[in-house]
Amino acid sequence: MTLNDHVRVVSDTAMAIAIQDLTFYHGTNTAPSLSNISLRLPPGSRTILVGANGAGKSTLLQLLAGKRLIKNAHVRINDRDVFWDSPPGVSFLGTEWAMNPVVRGDIVVSAFFDSVGGYRHKERRDKLLDILDIDLDWHMHAISDGERRRVQLCMGLMAPWQVLLLDEVTVDLDVLVRNELLIFLRDDSLARGATILYATHIYDGLTDSLSPTHVVHMRLGSFFTEPTPWPFNNTSLYHTALQWLKEDRDHRLELEKRGRKARGARRDGVTTHSETFYKKYDYAH
């Protein structure tokens, strides 16, 4: 039985996240990036999005964060439209932040936190500074990607959130900091009934630290397995995800045999125009 089956009779006002019949196109004359997505997550749930690269996880999180206009679909957080009626208490943290040239300037970390109102959340800010092991005298332009990621996480988490949307933001963290951060998020969710939706490809230790309540399997822009209470089998989340991703690849390869555009090496023996051109100027031999 899926989570949707458990809560189908409950109104959307009781749902932290409610999506109905969402189909989304990135452009005209293209295949949909998301197809017929429906999702209902109650407050306090901690849900892991599992799927291959390109399955639609980031797009789904960006839409929930109100970053793109959605037409003809019901997408709400705490019973408010995510685009037209931006719900408060929603924090979205994605990987693109650390590449922004603004946050790579020569600004001291302590001044950076003050500029975004860190003094309003001193207790939570200081707790996160300790967990993330941040030096307030760092200069943003002179630190590593992992250290810059820690600054982003502290900035995005220091204000109490009701719905947290995470898109691969722990990828730069060392295993110790990642583990302690996920424990903090779990405890925060339990204490305040706050909701987490987390897309990641790192499953080691995740069930012990974050203690997810549900998992979702996305395949080619759709939910292949809807939100399902975790644990639901006798294997680890890592091995469950590994099996799902293998099945996804096999499914895609079968579609390629039927005419879908294939990935990987081209074995048709046809020489491309670019290869012919560059061979003329190849002086390596």
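The structure displayed is predicted, hence computed values, not measured ones.

> Lay out the pattern of salt bridges in plain terms, naming residues and giving numbers.
Taken as a whole, this structure holds 15 salt bridges when the rule is applied. Note that K122 is salt-bridged to D126, the shortest N-O span being 2.7 Å. You can see K122 and its partner D126 sitting in helix α4 (residues 122-131), four residues apart, about one turn around the helix. A salt bridge links R149 to D172; its shortest N-O distance comes to 2.9 Å. Taken as a pair, R149 in helix α5 (residues 145-157) and D172 in the loop between β7 (163-167) and α6 (175-192) lie far apart in primary sequence, 23 residues in all. Residues joined by salt bridges that share partners form a network here, namely R104, D145 and R148.

> Please provide a residue-by-residue account of the pairing of strand β1 (residues 17-24), values included.
Where a strand is regular, its side chains alternate between the two sheet faces. Bridge count for β1 against strand β2 (residues 34-41) is five bridges, and the pairing is antiparallel. Residue pairing across strands places I17 opposite L41, the latter belonging to β2.

> Quick one: what's the story with the UniProt feature "domain: ABC transporter" (unreviewed entry) in the protein chain, residue by residue and with numbers?
Per the UniProt record, "domain: ABC transporter" (unreviewed entry) is found at residues 17-245. Within residues 17-245, the helical portion is 30% and the strand portion 24%, while the C-alpha atoms at the span's ends are 25 Å from each other.

> Tell me about a negative patch on the surface, and please be specific about residues and values.
A cluster of acidic residues, D130, D133, D135, D137 and E180, forms a negative patch at the surface. Residue placement: D135 occurs in the loop between α4 and α5.

> Explain the sheet that holds β7 to me, using residue names and the numbers behind them.
Read across the sheet, six strands follow the order β6-β7-β8-β3-β9-β10 without closing on themselves; strand pairing throughout is mixed. Single-partner strands in this sheet number two, and they are β6 (90-93) and β10 (222-229). Across the sheet, the mean angle separating the axes of adjacent strands is 15 degrees when strand polarity is ignored. Two strands pair when backbone bridges link them, and β7 and strand β8 (residues 195-199) are joined in this way by five bridges, in the parallel orientation.

> Would you mind going over the packing of aromatic side chains in detail, with residue names and values included?
How two aromatic rings sit relative to each other is set out by the distance from centre to centre and by the angle between their planes. This model, assessed by the stated rule, comprises six aromatic pairs. Aromatic pair W230 and F232: ring centres 5.2 Å apart, planes at 85 degrees, arrangement edge-to-face. Residue classification places W230 among the buried residues on the basis of a relative accessible area of 13%. You can call F232 partly exposed: its relative accessible area is 35%. Between F232 and W244, the ring centres sit 6.0 Å apart and the planes meet at 15 degrees, which makes this aromatic pair stacked. Here F232 is found in the loop between β10 and α8 (237-257), whereas its partner W244 is found in helix α8, with 12 residues between them in sequence. Three or more aromatic residues joined by ring pairs form one cluster here, namely W230, F232 and W244. In this arrangement the basic side chain of R192 is found over the ring face of W161, its NZ or CZ atom lying 5.1 Å from the centre. Between the NZ or CZ atom of R219 and the centre of the ring of F224, over which it lies, the distance is 3.8 Å.

About the thresholds
- Numbering of residues starts from 1 in every chain and runs along the sequence as written.
- Residue-level local features of this predicted model are given only where pLDDT is at least 70; pairs of side-chain atoms are given and counted only at 80 or more, and the full residue set underlies all totals for whole chains, interfaces and linings.
- Excluding hydrogens and water, the side-chain figures rest on all heavy atoms present in the structure.
- Any carboxyl oxygen of Asp or Glu that lies within 4 Å of a side-chain nitrogen of Lys or Arg is treated as forming a salt bridge with it.
- Starting at the N terminus, helices and strands are each numbered in turn, a helix being any DSSP run of H or I of at least four residues and a strand any DSSP run of E of at least two.
- DSSP calls a pair of strands paired once it identifies at least 2 bridges connecting them.
- UniProt positions are given in the numbering used here, feature names are shortened, and annotations may be inferred rather than shown by experiment.
- By definition, no residue in a patch forms a salt bridge, and every one has over 30% relative accessible area; like charges are joined within 9 Å, nonpolar side chains (Val, Leu, Ile, Met, Phe, Trp, Tyr) within 5 Å.
- Calculation of accessible area relied on Shrake-Rupley with a 1.4 Å probe; when residues are assessed, cover is drawn exclusively from the protein chains displayed.
- The charge count treats Lys and Arg as positive and Asp and Glu as negative. His and the chain ends do not count.
- The atom standing in for a charge is NZ when the residue is Lys, CZ when it is Arg, CG when it is Asp and CD when it is Glu.
- Only the contacting stretch of a helix is used when fitting its axis, a line to C-alpha atoms as for every element, and angles between N-to-C directions run 0 to 180 degrees.
- Pairing of aromatic side chains requires ring centres within 6.5 Å, counting the rings of Phe and Tyr and the six-membered ring of Trp. Pairs whose planes differ by under 30 degrees are stacked, by over 60 edge-to-face, and all others tilted.
- Buried, partly exposed and exposed residues are distinguished by accessible area as a fraction of the type maximum, computed with a 1.4 Å probe on protein chains only: under 20%, between the cut-offs, and over 50%, respectively.
- Whether a charge sits over a ring depends on NZ of Lys or CZ of Arg being within 6 Å of the ring centre and within 35 degrees of the ring normal.

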